[in-house]
Amino acid sequence: MLLELKDITIPTEDGKCVIVNNVSFGVKEGSIHAVIGPNGSGKSTLAYTIMGLKMYNPSQGKIYFDGIDITNMTLTERAKLGMTLAWQEPARIDGLTVPNYIALGMKDKTNLKEKVIEALEIVNLEPERYLTRTIDESLSGGERKRVELAAAIAMRPRLIILDEPDSGLDMIVIEDFLNIFNKIKNLEMTILLITHREDIGMVADYGTLIWRGNHIITDEFPKVMLRYCAKAGLKEFCKRTLFKNDGTCFDEDYIDRIFREEGSS
Amino acid sequence: MTDSDYPEEILQSLEDYNIDIRDFLPGHGGGAKLLLDFNKIKGVEQIEGIILKGREIPNGIVADVVIKEGTKLEEPVHLCFGVSKETGIQEIFPRIIAEDNTEVKVQAHCSFPKANGLIHKMFGHFYIGKNCNFNYSETHYHGENSGALVAPVGYMYVGENSVFENNFNLTKGTPGKVKIMLDIYAMENSVIRSNIRAFGKNIKDSVRIRDAIYLEGKNARSVLKMKAAARDGGEVLMYGITEGNAPNCNGHVECSEIVLGKGSICRARPFIRATDPMSSVSHEASLGRFPQKWLDEIMAKGLNEEEATEILIEAMLREE
Ligand SMILES: Nc1ncnc2c1ncn2[C@@H]1O[C@H](COP(=O)(O)OP(=O)(O)OP(=O)(O)O)[C@@H](O)[C@H]1O
Ligand SMILES: [Mg+2]
């Protein structure tokens, strides 16, 4: 396992409530691993805690990266080990140019321009149009998210955590993103993909379902998705859209059984 | 004039800004230029469409720049006010007139690489006519000893339908004592963008900049951005004023200042005043440290907090 969470519990800043409760799962090297769950279930909190942001300290449990206990490491130390996070809503910063931003995490800065261009191409941004831009308010939401991805990719980390890379994007763009994820995977990076969209999740090899801060299941992605539908009571949706034509059909009986287990029909 | 006539220290002094003054020497590049070494005029180069004249006075010079009506210059007009001595008084009286329908960029470089008790004063008058596009950029370098006392004053009149962009940069080296006062008067339909950037780096650095924009004409618009950082005891005050005195005028003042290390002080005094019921003026100011999220996003790329702060300061003070 490249990343492993063991019994992670994350309290709120004031310590009064628990946001994520006793969660354990592992992420295999080279895989796309989706974390799904409804709004407010604790996905972003989990991502920030894995990355080591201040104020996100587990009260219990351990996090391992490539076998190393990173639970008490700082954000910078974790990034140096080869992991990074692309934010759900990346910041807008006046004066910071797109190339400078993309170059921030590059270890080897020789042939910088070529590398920046390559990173922009991976996320399907025409390099000539962006080399002189800054990451301020003038970029559209989708452009800013792509630049964020490009900067993360340019680091060549072993693990890249994407927090809702799909939020605020339309369907046509989604196709494009699936494409980008595959390119990232081909560069031998492991992706931890946080999303609550099943169509995005379908690129994932594995998945983890988080429900109200609790870990429900970690398995091959379709099984996780099925469990999500069962908990949410989305049987019709599940049968109609999810498990057709992709070689991962479950039979009716199996689907019914899972729904019964979750107390919905 | 050959390159070697001009003090080497001044030629090299703006390297940190990525500016090579050699490019602006007479005989290099196509723009008009006026070069000063302390209180002596070292070179003047005219081009068609403009009048550039310098007159030496006891403690400095009077420099007249007239851009003739309809002139559109591709290459910037370059004014270099250098002093390679440690001490002395340099007083400059620039009088700049852009006649109607002109487009020009003026780059002024004030470079005092060895300043140690040096006094530089400037009394500038700018008159910008109608339908002009006037870009003025002034870049300062006061050496590394906080040894300069610099006190420029500028009055700028911006005529109807004109765009005036002002950039003041004092971000490399140590400023010393700096006191700047600018008054910009904006007439009907004019657009003012004024960007002030300064960095105080030790206890001997004290920078006070007062930039006032008076929106006097209908539909006049302005954005005043004042950005600063202070470290190791340095002190910066940004006093940004905008008055809305005409119908449908719109102005905004923004101050962002970063404080680094103990004893450093940043102050911001955005002052807005509206005297016309149809005017609109606003301000925002943020002082202290960068937002944690900005730092996190950069640190997630493997940099530590200090490095991330450096990167953000560089970006903040970068000329756009
Ligand atoms: N500092 C905090 N104090 C109290 N509650 C918090 C705090 N931070 C987050 N929460 C709560 O924890 C829960 C999990 O939030 P989180 O942002 O991790 O959810 P999410 O799964 O990423 O949701 P979304 O899909 O909307 O992005 C939410 O109910 C949120 O309101
Ligand atoms: Mg979230």
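### Brief notes about the domain arrangement of chain A
All names here are of chain A.
Reasoning step 1: Under the domain assignment used here, chain A contains domain 1 (1–82 + 157–220) and domain 2 (92–156).
Reasoning step 2: Every contact between the two is made by 17 residues of domain 1 and, on the other side, 12 residues of domain 2.
Reasoning step 3: Buried surface at the junction of domain 1 and domain 2, both sides included, amounts to about 1200 Å², of which 67% is carbon and sulfur.
Reasoning step 4: Three residues stand out in domain 1 for area buried against domain 2, namely Pro-157, Ile-180 and Lys-183, and they jointly supply 34% of the buried area on that side.
Reasoning step 5: Where domain 1 meets domain 2, there are 1 salt bridge.
Reasoning step 6: The partner of Asp-176 in a salt bridge is Arg-146, with the nearest N and O atoms 2.7 Å apart.
Reasoning step 7: The leading source of residues in the side of domain 1 that touches domain 2 is helix H7 (residues 171–186), at 6 residues.

### A short note on the interface of chain A and chain B
Reasoning step 1: The interface is formed by 28 residues belonging to chain A together with 21 residues belonging to chain B.
Reasoning step 2: Of all residues in chain A, Trp-87, Asp-94 and Leu-104 of chain A give up the largest surface area on contact with chain B, accounting jointly for 26% of the area buried on that side.
Reasoning step 3: Inspection of the region where chain A meets chain B yields 5 salt bridges.
Reasoning step 4: The partner of Arg-144 of chain A in a salt bridge is Glu-297 of chain B, with the nearest N and O atoms 3.5 Å apart.
Reasoning step 5: Between the two partners, chain A and chain B, sit 9 residue pairs in polar contact (both at pLDDT 80 or more).
Reasoning step 6: Residue assignment for the side of chain A that touches chain B shows that the elements contributing at least two residues are helix H2 (75–81), strand E6 (83–86) and helix H6 (141–154) of chain A.
Reasoning step 7: A per-element tally of the side of chain A that touches chain B places H2 of chain A first, with 4 residues.
Reasoning step 8: A class-by-class count of the residues in the side of chain A that touches chain B yields 15 nonpolar, 6 polar and 7 charged.

### Focus: helix H4 (residues 112–122) of chain A
Residue and element names in this part refer to chain A.
Reasoning step 1: For H4, the set of buried residues is Val-116, Ala-119, Leu-120 and Ile-122. The buried residues of H4 occupy an angular sector of 160 degrees when projected down its axis, which confines them to one face. Among the exposed residues of H4, those oriented more than 90 degrees off its buried face are Lys-113 and Glu-114.
Reasoning step 2: Asn-124 occupies a position one or two residues after H4 and carries a positive phi of about 60 degrees.

### Describing the site of ligand 1
Residues and elements named next belong to chain A.
Reasoning step 1: Inspection of the region around ligand 1 gives 13 residues, with Asn-39, Gly-40, Lys-43, Ser-44 and Thr-45 positioned closest.
Reasoning step 2: Here Ser-41 contributes a backbone N or O atom positioned 3.2 Å from an oxygen atom of ligand 1.
Reasoning step 3: Contact between ligand 1 and Glu-164: an oxygen atom at 3.2 Å from a side-chain N or O atom of the residue.
Reasoning step 4: When ligand 1 sits alone it has 640 Å² of accessible area, and the protein chains cover 59% of it.
Reasoning step 5: Among the elements that line the shell around ligand 1, the one with the most residues is helix H1 (residues 43–51), at 3 residues.
Reasoning step 6: Per-class residue counts for the shell around ligand 1 are 2 nonpolar, 9 polar and 2 charged.

Criteria and thresholds
Residues numbered from 1 in each chain as written. Chains lettered and ligands numbered in written order. Predicted model: local features only at pLDDT ≥ 70, side-chain atom pairs only at ≥ 80, totals over all residues. Heavy atoms only, no water. Domains from an automatic or database assignment. Contact = heavy atoms within 4.5 Å. Buried area = accessible area lost by both parts, 1.4 Å probe. Salt bridge = Lys/Arg side-chain N within 4 Å of Asp/Glu carboxyl O. Helix = DSSP H or I, 4+ residues; strand = E, 2+ residues; numbered from the N terminus. Polar contact = N/O pair within 3.5 Å; in protein donor to acceptor, adjacent residues only side chain to side chain. Nonpolar A, V, L, I, M, F, W, Y, C, P; charged D, E, K, R; others polar. Buried < 20%, exposed > 50% of the residue type's maximum accessible area, 1.4 Å probe, protein only. Arc of directions from axis to C-beta. Near = heavy atom within 4 Å. Areas by Shrake-Rupley, 256 points an atom, 1.4 Å probe, with all protein chains shown as cover.

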